[in-house]
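Working through the structure, step by step
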Amino acid sequence: CSAGIPFDGGLRCLCWKILLNYLPLEKALWSSLLKKQRDLYSQFLKEMIIQPGIAKANLGVSREDVTLEDHPLNPNPDSRWNTYFKDNEVLLQIDKDVRRLYPDMAFFQRPTDYPCLLILDPQNEFETLRKRVEQTTLKSQTVARNRSGVTNVSSPLKTTPNSLSEYEVLPNGCEAHWEVVERILFIYAKLNPGIAYVQGMNEIVGPLYYTFATDPNSEWKEHAEADTFFCFTNLMAEIRDNFIKSLDDSQCGITYKMEKVYSTLKEKDVELYLKLQEQNIKPQFFAFRWLTLLLSQEFLLPDVIRIWDSLFADDKRFDFLLLVCCAMLTLIRDQLLEGDFTLNMRLLQDYPISDVHLILKKAKELQDSK
């Protein structure tokens, strides 16, 4: 796997599921485990999307006396409404991020062949995530005051034409791939209230979902949503400390890992290390994004997927990522040694080498030279 998994026959989908500890090595256990996990995911959908949606839809019909019942203005933190509004804030953030997933590819805007029937059943009267977003967005209209004090209400849904396409939702009965990703992230946020949703998680779930949703084996492709959810959860369990601000300076936090990139560089190429130090180019300026998002923002999706083959296959769990970052620096050392601060920052923020095989080969050399 470390040398790159062939795409043929859904091999990558299978290997990733094993490498991310979703599937055991014992092949005989696979079908029972998959069935159990996929059923569990359906349960999550019912509890976290369908139940609250039904509750919201019913409120209009059978309102009991609001003074006794839970009501929208109930200040009690345990109030169902309070949870509902908090969830909506998270949902809107997720929604904004997933609509922008890999804008250079049409895949995430296209309809999935396997929309979630539990949710898209035309008999359903309940509030779906799609409706929640529409209603919440309309309610939080942007109010702009002009100089004469007249208030101008402009709906975010009626902004410039190019952002309008972002809000285009497929017709009823269809679901775009980004909507599936939105649901995965929303359920993850509900089940992990300690971390909930942090911007950037969309970049981690995107390549996983894309890989599973393009599996040539239709039996597995059909369950891409549930399988992605569990693989994403397992992957986040390993890298979640990067997303938790309060842990930044601890030994498991992101600052420590960024420093580690520089200490590894110092071992491998002291001249380059000193140049970056001298220009006061801190690892936070570029390595934060490289490490937190597992390089998913630096390369095109097929290349990210190839890098992840090597990262997931790393038995030391992402030590190899530090070496990949070092390789990326040493491969542009000549330009960095010649460049000034501004030029070098531009190089690091928008990495110039697109051949990931070259980068991985270099990282392997660094690893072997230890």
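First, a word on what this report is: a plain description of the structure on this page. Since this is a predicted model, take the numbers as computed values, not measurements. (Residues numbered from 1 in each chain as written. Predicted model: local features only at pLDDT ≥ 70, side-chain atom pairs only at ≥ 80, totals over all residues. Heavy atoms only, no water.)

Comments concerning the pattern of salt bridges
One pass over the full model with this rule turns up 17 salt bridges. Of the charged contacts in the structure, one is a salt bridge between K17 and D227, with a shortest N-O distance of 3.7 Å. With K17 in helix α1 (residues 11-19) and D227 in helix α10 (residues 224-239), this residue pair connects regions lying 210 residues apart in the sequence. You'll find K17 and D227 in the same group, each marked buried. (Salt bridge = Lys/Arg side-chain N within 4 Å of Asp/Glu carboxyl O. Helix = DSSP H or I, 4+ residues; strand = E, 2+ residues; numbered from the N terminus. Buried < 20%, exposed > 50% of the residue type's maximum accessible area, 1.4 Å probe, protein only.)

Regarding helix α12 (residues 270-278)
Buried within α12 we find L272, Y273, K275 and L276. Take α12 and look down its axis: the buried residues cluster within an arc of 160°, on one side only. Where α12 is buried, its residues meet α11 (254-268), α15 (319-331) and α16 (333-338). Note on α12: the residue one or two positions beyond its end, N280, has a positive phi of about 60°. (Arc of directions from axis to C-beta. Contact = heavy atoms within 4.5 Å.)

Observations concerning the layout of surface pockets
Space inside the largest pocket adds up to approximately 520 Å³. Looking at the largest pocket, it is lined by 25 residues, and the ones nearest its centre are Y114, P115, E222, H223 and E225. Residue classes in the lining of the largest pocket are distributed as 14 nonpolar, four polar and seven charged. (1 Å grid on protein atoms, 1.4 Å probe; cavity = no way out; pocket = protein on both sides within 12 Å on 5 of 7 lines; lining within 4 Å. Points joined across faces, edges and corners; volume = space filled by probe spheres on them. Nonpolar A, V, L, I, M, F, W, Y, C, P; charged D, E, K, R; others polar.)

Quick word on the packing of aromatic side chains
In this structure the tally under the stated criterion is 19 aromatic pairs. On the numbers, 5.0 Å between centres and 70° between planes, the contact of Y188 with F232 is edge-to-face. Taken as a pair, Y188 in helix α7 (residues 177-191) and F232 in helix α10 lie far apart in primary sequence, 44 residues in all. F232 carries the same exposure label as Y188, and that label is buried. Ring centres of F229 and F230 lie 5.1 Å apart, and the angle between their planes is 80°; on these two criteria the pair is classed as edge-to-face. The aromatic ring of F212 is capped on one face by K17, whose charged end is 4.3 Å from the ring centroid. We note R38 situated over the ring of W220; from NZ or CZ to the ring centre the distance is 5.9 Å. (Phe/Tyr/Trp six-rings, centres within 6.5 Å; stacked < 30°, edge-to-face > 60°. Lys NZ or Arg CZ within 6 Å of the ring centre and 35° of its normal.)

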